[in-house]
Amino acid sequence: MAAAGVLLRALRRLCRVLLFLSQFYILSGGESTDIPPYMMKCPSNGLCSRLPADCIECKTNFSCVYGKPVTFDCTVKPSVTCVDQDFKSRKSFVLNMTCRFCWQLPETDYECSSSTSCMAVSCPRQRYTANCTVRDHVHCLGNRTFPKMLYCNWTGGYKWSTALALSITLGGFGADRFYLGQWREGLGKLFSFGGLGIWTLLDVLLIGVGYVGPADGSLYI
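About the thresholds
- Residues numbered from 1 in each chain as written.
- Predicted model: local features only at pLDDT ≥ 70, side-chain atom pairs only at ≥ 80, totals over all residues.
- Heavy atoms only, no water.
- Pairing = 2+ DSSP bridges.
- Helix = DSSP H or I, 4+ residues; strand = E, 2+ residues; numbered from the N terminus.
- Axes fitted to C-alpha atoms, helices over the stretch in contact; angles between N-to-C directions.
- 1 Å grid on protein atoms, 1.4 Å probe; cavity = no way out; pocket = protein on both sides within 12 Å on 5 of 7 lines; lining within 4 Å.
- Points joined across faces, edges and corners; volume = space filled by probe spheres on them.
- Nonpolar A, V, L, I, M, F, W, Y, C, P; charged D, E, K, R; others polar.
- Buried < 20%, exposed > 50% of the residue type's maximum accessible area, 1.4 Å probe, protein only.
- Contact = heavy atoms within 4.5 Å.
- Arc of directions from axis to C-beta.
- Salt bridge = Lys/Arg side-chain N within 4 Å of Asp/Glu carboxyl O.
- UniProt positions renumbered as here; feature names shortened; annotations may be inferred.
- Core = buried A, V, L, I, M, F, W, Y, C linked by side-chain atoms within 4.5 Å.

Enquirer: So what's going on with the sheet that holds strand β6 (residues 92-98)? Residues and values would help.
Expert: Pairing in this open sheet of 3 strands is antiparallel, and the strands run β2-β3-β6 from one edge to the other. The open sheet terminates on both sides in strands that have one partner only, identified here as β2 (56-59) and β6. Taken over all neighbouring pairs, the strand axes of this sheet differ in orientation by 40° on average, direction set aside. Where strand β3 (residues 69-76) meets β6, 7 bridges bridge the pair, whose relative direction is antiparallel.

Rendered as structure tokens:
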């Protein structure tokens, strides 16, 4: 029994030494455990035709006819696995798509950055340069990130109905202008009793048609 106990302790020590050596081997670079960043987007054993663009490499042909169906020969990137319609593992496959550049895609196929530094309520309506990125499952030609001029379309939380109600009920005291963040005009209406009623009536019409908006240049909600 004593000999068996000694042997068991020796085996435990040996296992600890082997575990330590294996971890040291990995940390020293003997075995790479780095996962490519694109693997986070690549489903395992999914359909090859449904893989995101970051998971595959295709031989594209830019001389195709715009708007026409086209096929490209594609291969999956290292460490990526996918299957065909018969659930057979593939490394290369044919991708069917429409011939068009990424910036020609419909707005539903990409996401763009927003801006809160432009005037959404102005004449003419202002635009800003947005950085747009194509959605992962959408395939297209050219750069998947591109600039695009978009109309200012953001809101600061001001309600049109609230502004109109304040203009009708308390417009003579400048409450509508104060609500919209236009405190100078609000003070002017307050001390002039709504411009003797004329300014009040004008503001009801201007707010009603949406000509007068929030001071920060945002849209009503």
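Enquirer: Tell me about the layout of surface pockets, residues and numbers included.
Expert: Taken as a whole, the largest pocket encloses approximately 320 Å³ of empty space. Around the largest pocket, the lining is made up of 19 residues, and of these Ser49, Arg50, Leu95, Asn96 and His139 lie nearest the centre. The dominant element in the lining of the largest pocket, judged by the number of residues it contributes, is β6, at 6 residues. Broken down by class, the residue content of the lining of the largest pocket amounts to 9 nonpolar, 6 polar and 4 charged. Size it by volume and the second largest pocket reaches roughly 190 Å³. For the second largest pocket, the lining is made up of 13 residues, of which Ala53, Cys58, Thr60, Cys140 and Leu141 are closest to its centre. Mapped onto the lining of the second largest pocket, the elements with two or more residues apiece are β2 and β6.

Enquirer: Requested: an account of the side chain of Ser167, with residues and values cited.
Expert: In this fold, Ser167 is placed in helix α2 (residues 160-170). The buried category is assigned to Ser167, whose relative accessible area is 0%. Among residues more than four places away in sequence, those in contact with Ser167 are Asp176, Thr200, Asp203, Val204 and Ile207.

Enquirer: Any chance you could break down helix α6 (residues 198-208) for me, citing the residues and the numbers?
Expert: Here α6 has its buried residues at Thr200, Asp203 and Ile207. The arc that holds the buried residues of α6, viewed along the axis, is 60°, so those residues lie on one side. Away from its buried face by more than 90 degrees, α6 exposes Ile198, Leu201 and Leu205. In the segment just after α6, Gly210 is the residue with positive phi, at about 85°.

Enquirer: Mind laying out the sheet that holds strand β1 (residues 46-47), listing which residues take part and the relevant values?
Expert: On the basis of which strands lie adjacent, the open sheet formed by 3 strands has the order β1-β4-β5 and mixed pairing. Looking along the sheet, the strands with just one partner apiece sit at the ends: β1 and β5 (89-90). Bridging between β1 and strand β4 (residues 82-83) involves 2 bridges; their strand directions are parallel. Bridged to Gly46 within β4 is Cys82.

Enquirer: Pulling in residues and values, what's your account of the pattern of salt bridges?
Expert: Working definition: two side chains of opposite charge can pair if their charged atoms are close together. Counted under the stated rule, the structure contains 7 salt bridges. Note that Arg90 is salt-bridged to Asp84, the shortest N-O span being 2.9 Å. Taking the relative accessible area as the measure of exposure, Arg90 reaches 37% and is therefore partly exposed. Looking at Asp84, the relative accessible area reads 17%, which means it is buried.

Enquirer: Account for the UniProt feature "transmembrane region" (unreviewed entry) in the protein, with residues named and values stated.
Expert: Those residues carrying the UniProt feature "transmembrane region" (unreviewed entry) are residues 158-178 and 190-212 in this numbering. The straight-line gap between the two end C-alpha atoms of residues 158-178 is 12 Å; of that span, 71% is helix and 0% is strand. Secondary structure content for residues 190-212 is 74% helix and 0% strand, and the end C-alpha separation is 18 Å.

Enquirer: Describe in detail the nonpolar core, supporting the description with residues and values.
Expert: In terms of nonpolar packing, the biggest core is built from 18 residues, with Leu51, Ile56, Val76, Val80 and Phe93 touching the most fellow members. Elements that contribute at least two residues to this core include exactly β3 and β6. The element that contributes the greatest number of residues to this core is β3, accounting for 4 residues. Those residues in contact with Ile56, other than ones at most four positions away along the chain, are Leu51, Cys74, Thr75, Val76, Lys77, Phe93, Leu95 and His139.

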